[in-house]
Amino acid sequence: MYNDNWSSKFLKDKLKEFDSIKTITASDSNLLKIERKKGESFLTFTMSLELIELNDIEEIVNYKSDIKFITNIKKEYKISGSAMNFLNNKRISFGGMGDLMRFANKENNSLQVDKEFEFVQRGLNQHNKVKSIERLDNKRIKIERIVLNDVIAVMNNDYELGTESVRSYKARFNDFKIMISTNPNARISTEANTVASSLSIDICTWGELLGKLNTFWN
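Keep in mind the model is a prediction, meaning the values are calculated, not measured.

## Looking at the sheet that holds strand 10 (residues 151-156)
Reading across from one edge, 8-9-10-12-14 is the order of the five strands in this open sheet, with mixed pairing throughout. The open sheet has two edge strands, strand 8 (130-135) and strand 14 (202-205), and neither has a second partner. The sheet shows a mean angle of 30 degrees between the axes of neighbouring strands, taken without regard to direction. Relative to strand 12 (residues 178-181), strand 10 runs parallel, the two being bridged by four bridges. Residue pairing for strand 12: Ala-153 is matched across the bridge by Ile-178.

Here it is in structure tokens:
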């Protein structure tokens, strides 16, 4: 099972002045008990991984079944769809430090919703050419279309969507045809579109995606 000698201390130091938190107590290796000023206390498991698979998550939950949040300190990561489904079924929330802070701001331990995915899922479920969607990992979805071919898309919420965004997403998630710019205020550079084209990737705003799903990517 995952274990380190620094992530829980790192997180505790970062959160010690956070307004919503009353106390933070080290419970065990990589475990912190967080008491809110208002609402229920909760247990979080801390780690720092770039790639997270189902077996990583299963080991943690089997070790401590009353965990309510798993905090991954690594900023850029990939967690498999099977791991995310497992966590959802167990009603355990997952995310980075910002996600943990939002969780701590609540007064209960209800499952934290991924707002980006929720928005995309709701919109695609209303599209008349979309039969179903499958979540492959924290950023990629497989869109099954009526009559037309399936297509894999990656969600990107960057405000400045430049060449580095395209290259880093390609390196981390590899297999996708579409990059959906989910940030309504995103600035997509000409250079980003050029690099994407060379990698056989189409960058689409949300509106562009909904239109292109009717005919593109056959």
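## Observations concerning the packing of helix 1 (residues 7-15) against helix 4 (residues 97-105)
At a closest axis distance of 12 Å, the pairing of helix 1 and helix 4 adopts a crossing angle of 55 degrees. Relative to helix 4, the element helix 1 is oriented oblique. In the packing of helix 1 onto helix 4, the handedness of the crossing is right-handed. Seen from helix 1, the contacting residues are Phe-10, Leu-11, Lys-14 and Leu-15; seen from helix 4, they are Met-97, Leu-100 and Met-101.

## Some points on the sheet that holds strand 3 (residues 42-47)
Ordered in space as 1-2-3-5-7, the five strands form an open sheet in which the pairing is mixed. Edge positions in the open sheet fall to strand 1 (21-28) and strand 7 (93-95), since each of these has one partner strand only. The mean angle between the axes of side-by-side strands here comes to 25 degrees, regardless of whether they run parallel or antiparallel. Bridge count for strand 1 against strand 2 (residues 31-36) is six bridges, and the pairing is antiparallel. Bridging across to strand 2, Asp-28 finds its partner in Leu-31. Helix 1 rests against strand 1, strand 2, strand 3 and strand 5 (69-72) of the sheet, and its axis sits at about 120 degrees to strand 3. On the sheet, helix 4 packs against strand 1, strand 2, strand 3, strand 5 and strand 7 and is oriented at approximately 150 degrees with respect to strand 5.

## A look at helix 1
Side chains three or four residues apart in an α-helix point the same way, a direct result of the helix having 3.6 residues per turn. Looking only at helix 1, the buried set comprises Ser-7, Ser-8, Leu-11 and Leu-15. All buried residues of helix 1 fall inside an arc of 100 degrees around its axis, so they share one side. For helix 1, the secondary structure elements touched by its buried residues are strand 1, strand 2, strand 3, strand 5 and helix 4.

Rules behind the numbers
- Residues numbered from 1 in each chain as written.
- Predicted model: local features only at pLDDT ≥ 70, side-chain atom pairs only at ≥ 80, totals over all residues.
- Heavy atoms only, no water.
- Pairing = 2+ DSSP bridges.
- Helix = DSSP H or I, 4+ residues; strand = E, 2+ residues; numbered from the N terminus.
- Axes fitted to C-alpha atoms, helices over the stretch in contact; angles between N-to-C directions.
- Parallel < 35°, antiparallel > 145°, perpendicular 65-115°, else oblique.
- Left-handed = near helix turned anticlockwise from the far one by under 90°.
- Contact = heavy atoms within 4.5 Å.
- Buried < 20%, exposed > 50% of the residue type's maximum accessible area, 1.4 Å probe, protein only.
- Arc of directions from axis to C-beta.

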